[in-house]
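Structural characterization, general
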Amino acid sequence: MIDSCLTNQDDSAMMNAVATRKPAKGNWGGPRPGSGRKPVLENPHRVTLDLEGPQNAAVREIADRREVSVAEVIRAAVRAYVKRSS
């Protein structure tokens, strides 16, 4: 009987300690200035583009050779077309 009283008192004291304990403060979890992926463009606008199979293959091959993204190859082509057309 004395053992059960001691156990109940110990349990309630432990539960009070756990309930009032503040969460551990770590050095992780939250944004850090300058972290994350840097934007490629300042004010991007999305465009959907459909290519035929051979066109798609050619653009991908150029991108692989230059070691850039397909989007960068297409942006370069649009820049060259706009410059030539102006």
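Residues numbered from 1 in each chain as written. Predicted model: local features only at pLDDT ≥ 70, side-chain atom pairs only at ≥ 80, totals over all residues. Heavy atoms only, no water.

Details of the overall build of the chain
Helix and strand counts for the chain come out as 3 helices and 0 strands. In the chain, the succession of α and β elements from N to C terminus is α-α-α. A burial count over the chain gives 3% of its 86 residues as buried. Total accessible area computed for the chain in this model is approximately 8700 Å², and 56% of it derives from carbon and sulfur atoms. (Helix = DSSP H or I, 4+ residues; strand = E, 2+ residues; numbered from the N terminus. Buried < 20%, exposed > 50% of the residue type's maximum accessible area, 1.4 Å probe, protein only. Areas by Shrake-Rupley, 256 points an atom, 1.4 Å probe, with all protein chains shown as cover.)

Section: a nonpolar patch on the surface
A grouping of Val78, Tyr81 and Val82 is seen on the molecular surface, where their side chains present a nonpolar patch of about 300 Å² in accessible area. Locating tyrosine 81 in the fold gives a position in helix α3 (residues 70-85). When its relative accessible area of 51% is taken as the criterion, tyrosine 81 is described as exposed. (Patch = residues over 30% accessible without salt bridge, like charges linked within 9 Å, V, L, I, M, F, W, Y side chains within 5 Å. Salt bridge = Lys/Arg side-chain N within 4 Å of Asp/Glu carboxyl O.)

Remarks on the packing of helix α2 (residues 53-66) against α3
Following both chains from N to C, one finds α2 and α3 inclined at 105°, their axes separated by 8 Å at the closest point. With respect to their mutual orientation, α2 and α3 come out roughly perpendicular. On the side of α2, the interface is formed by Val59, Arg60, Ile62 and Ala63, while α3 contributes Val70, Val73 and Ile74. For the contact of α2 with α3, the per-class residue count stands at 6 nonpolar, no polar and 1 charged. (Axes fitted to C-alpha atoms, helices over the stretch in contact; angles between N-to-C directions. Parallel < 35°, antiparallel > 145°, perpendicular 65-115°, else oblique. Contact = heavy atoms within 4.5 Å. Nonpolar A, V, L, I, M, F, W, Y, C, P; charged D, E, K, R; others polar.)

Description of the pattern of salt bridges
Following the criterion strictly, the structure yields 3 salt bridges and no others. Connected through shared salt-bridge partners, Glu72, Arg75 and Arg79 make up one network.

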